[in-house]
Amino acid sequence: MGELAATIAHEVNQPLTAIVTNANFSLRQLESSTPNLNELRAAITEIVNDGTRASSVISRIRGLLMKGTTPRVELDINEIIQEVATLLRNELTRNRVHVRTELASHLPRVQGDPVQLQQVLINLIMNGLEAMRLSTEQPRKLLIRSVKSTDGVLVQVQDSGRGIKPELAGRIFEPFFTTKAEGIGMGLAISRSIIESHAGLLSLVSDSQGALFQFTLPVNPHDAS
């Protein structure tokens, strides 16, 4: 029950935090003598998107408790990456993070739950953002890469922070283990379980510059060529 409660809190907190941030920004714009209508429109659009995402998370957890099955559809992982980059664009800009994407073209499609895969990417990107926020290293860079691999499709998220200490790397995916002062230690554990439910693998790459997380997703045999 403790793990379930932490899972719900973690997954719902991310979109709710984004909603509050964008709502406060919108209020400041409305109180300004010269509000920027384009920025205001973008912030309100993000509020709608994050509200929809929070609703999707609740629906998925409700389905889990009712022993329902999460929807699996054929999807393009590059589209998921681009959607998440758009969702987090303002947050990354506010924190002066330069995002670079290296997305391979003509990747085979994978079977997956788009909401779950979005949650994994959001968690990895936000972890990178928070790691760089605590680091004095400049500039702050985030690289998101997708490539075809022998195991299917490989996705990597790499930040320019200080990386994960070797003595902590072995525990980084344990439930309730966290290196953050205010973390609950469920984000990476949830992300790994999501990727494993997709028959994939989420791992931390050692000896990398900054922290480099990657996950693989299998492809259908007829799409692998």
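Note that the structure is predicted; figures quoted are calculated from it, not measured.

Enquirer: Looking at this structure, I do not really get the overall build of the protein chain. What am I missing?
Expert: Looking only at helices and strands, the protein chain has seven helices and seven strands in total. Along its sequence from the N terminus, the protein chain presents helices and strands in the succession α-α-β-α-α-β-β-α-β-β-α-α-β-β. For the protein chain, contacts bridging at least 24 residues in sequence account for 73% of all contacts bridging at least 6. Carbon and sulfur atoms form 55% of the exposed surface of the protein chain, whose accessible area is close to 12300 Å².

Enquirer: What is the right way to look at unusual backbone geometry in this model?
Expert: Note: most peptide bonds trans; most residues except glycine with negative phi. With a phi close to 60 degrees, histidine 106 is a non-glycine residue in the positive phi region. Within the secondary structure, histidine 106 is located in the loop between strand S2 (97-103) and strand S3 (110-112). Among the residues examined, histidine 106 registers a relative accessible area of 81% and is labelled exposed. Residue alanine 199 is not a glycine yet carries a positive backbone phi of 65 degrees.

Enquirer: Mind showing me how you'd approach helix H7 (residues 187-197) here?
Expert: Residues spaced three or four apart along an α-helix point in a common direction, a consequence of the helix completing one turn every 3.6 residues. Turning to H7, its buried residues are Gly187, Leu188, Ala189, Ile190, Ser191, Ile194 and Ile195. Where H7 ends, the next residue or the one after it, alanine 199, has phi of about 65 degrees, a positive value.

Enquirer: Sorry, what's going on with the pattern of salt bridges here?
Expert: As a working rule, side chains carrying opposite charge can pair if their charged atoms are close by. Going through the model one piece at a time under the given rule, you end up with four salt bridges. Between glutamate 74 and arginine 109 there is a salt bridge, and its shortest N-O distance comes to 3.5 Å. Remark: arginine 109 occurs in the loop between S2 and S3 and glutamate 74 occurs in strand S1 (residues 73-75); sequence separation between them is 35 residues. A cluster of three or more residues bridged by salt bridges with shared partners is formed by Arg100, Glu102 and Arg145.

Enquirer: Where do I start with the environment of lysine 141 in this structure?
Expert: Counting through the fold element by element, lysine 141 comes out in strand S4 (residues 140-149). Along the chain, lysine 141 and glycine 161 lie 20 residues apart, while their C-alpha atoms are 8.4 Å from each other.

Enquirer: Explain the pairing of strand S5 (residues 152-159) to me, please; I cannot follow it from the model alone.
Expert: Each regular strand displays side chains that alternate between the two surfaces of the sheet. Along S5, eight of the eight residues are buried, which leaves the element largely enclosed by surrounding structure. In this structure, S4 lies alongside S5, joined through eight bridges in antiparallel fashion. Looking at the pairing, isoleucine 144 lines up with valine 157 of S5. Between S4 and the antiparallel strand that follows it, S5, lie two residues.

Enquirer: Is there a simple way to explain the side chain of aspartate 50 in this structure?
Expert: By secondary structure assignment, the location of aspartate 50 is in helix H2 (residues 37-65). Those residues within four positions of aspartate 50 in sequence are excluded, and the remaining contacts are Pro15, Ala18, Ile19, Asn22 and Leu87.

Enquirer: Even after reading the chapter, I still don't get helix H5 (residues 114-133), so can you show me in this structure?
Expert: With 20 residues, H5 should reach 28 Å at 1.5 Å per residue; the first-to-last C-alpha distance of 28 Å fits that figure. Counting buried residues in H5 gives 16 out of 20 residues, a clear majority hidden from the surface. Put simply, aspartate 113 is the residue that caps the front of H5, since its side-chain oxygen is 3.0 Å from the backbone nitrogen of valine 115.

Enquirer: Looking at this structure, how should I read the packing of helix H3 (residues 77-87) against H5?
Expert: Relative orientation and spacing of two packed helices are given, respectively, by the angle between their axes and the distance between those axes. Viewed as axis vectors pointing N to C, H3 and H5 meet at an angle of 55 degrees, and their least axial separation amounts to 10 Å. For the element pair H3 / H5, the angle class is oblique. Crossing geometry of H3 relative to H5 is assigned as right-handed. On H5, the residues touching Ile77, Ile80, Ile81, Glu83, Val84 and Leu87 of H3 are Pro114, Leu117, Gln118, Leu121, Ile122 and Ile125.

The rules behind the values
Here the residue numbers are simple positions, counted from 1 along each chain's written sequence. Residues qualify for local features only when their pLDDT is at least 70, as the model is predicted, and side-chain atom pairs are given and counted only at 80 or more; totals for whole chains, interfaces and linings, by contrast, use all residues. Each side-chain value is worked out from all heavy atoms of the structure, with water and hydrogens disregarded. Secondary structure elements follow DSSP: runs of H or I no shorter than four residues count as helices, runs of E no shorter than two count as strands, and numbering proceeds from the N terminus. Note on definitions: a residue-residue contact is assigned when non-hydrogen atoms from the two residues lie within 4.5 Å. Here, Shrake-Rupley sampling with a 1.4 Å probe gives the accessible areas, and only protein chains in the shown set may cover a residue. Accessibility here uses a 1.4 Å probe with only protein chains present; expressed as a share of the type maximum, an area under 20% marks a residue as buried, one over 50% as exposed, and anything in between as partly exposed. One side-chain nitrogen of Lys or Arg within 4 Å of one carboxyl oxygen of Asp or Glu is enough to make a salt bridge. DSSP calls a pair of strands paired once it identifies at least 2 bridges connecting them. Expected helix span is taken as 1.5 Å per residue step, with the number of steps being one fewer than the number of residues. Contacts described as polar in this section are N or O atom pairs within 3.5 Å, which, within protein, must combine one atom able to donate a hydrogen with one able to accept it, while residues neighboring in sequence count only if both atoms come from side chains. Fitted lines through C-alpha atoms give the axes, limited to the stretch in contact for helices. The angle between two N-to-C directions lies from 0 to 180 degrees. Here the word oblique covers every angle except those under 35 degrees (roughly parallel), over 145 (roughly antiparallel) and from 65 to 115 (roughly perpendicular). Two helices that cross are described as forming a left-handed crossing if the nearer one is turned anticlockwise from the farther one by less than a right angle, and a right-handed crossing if clockwise.

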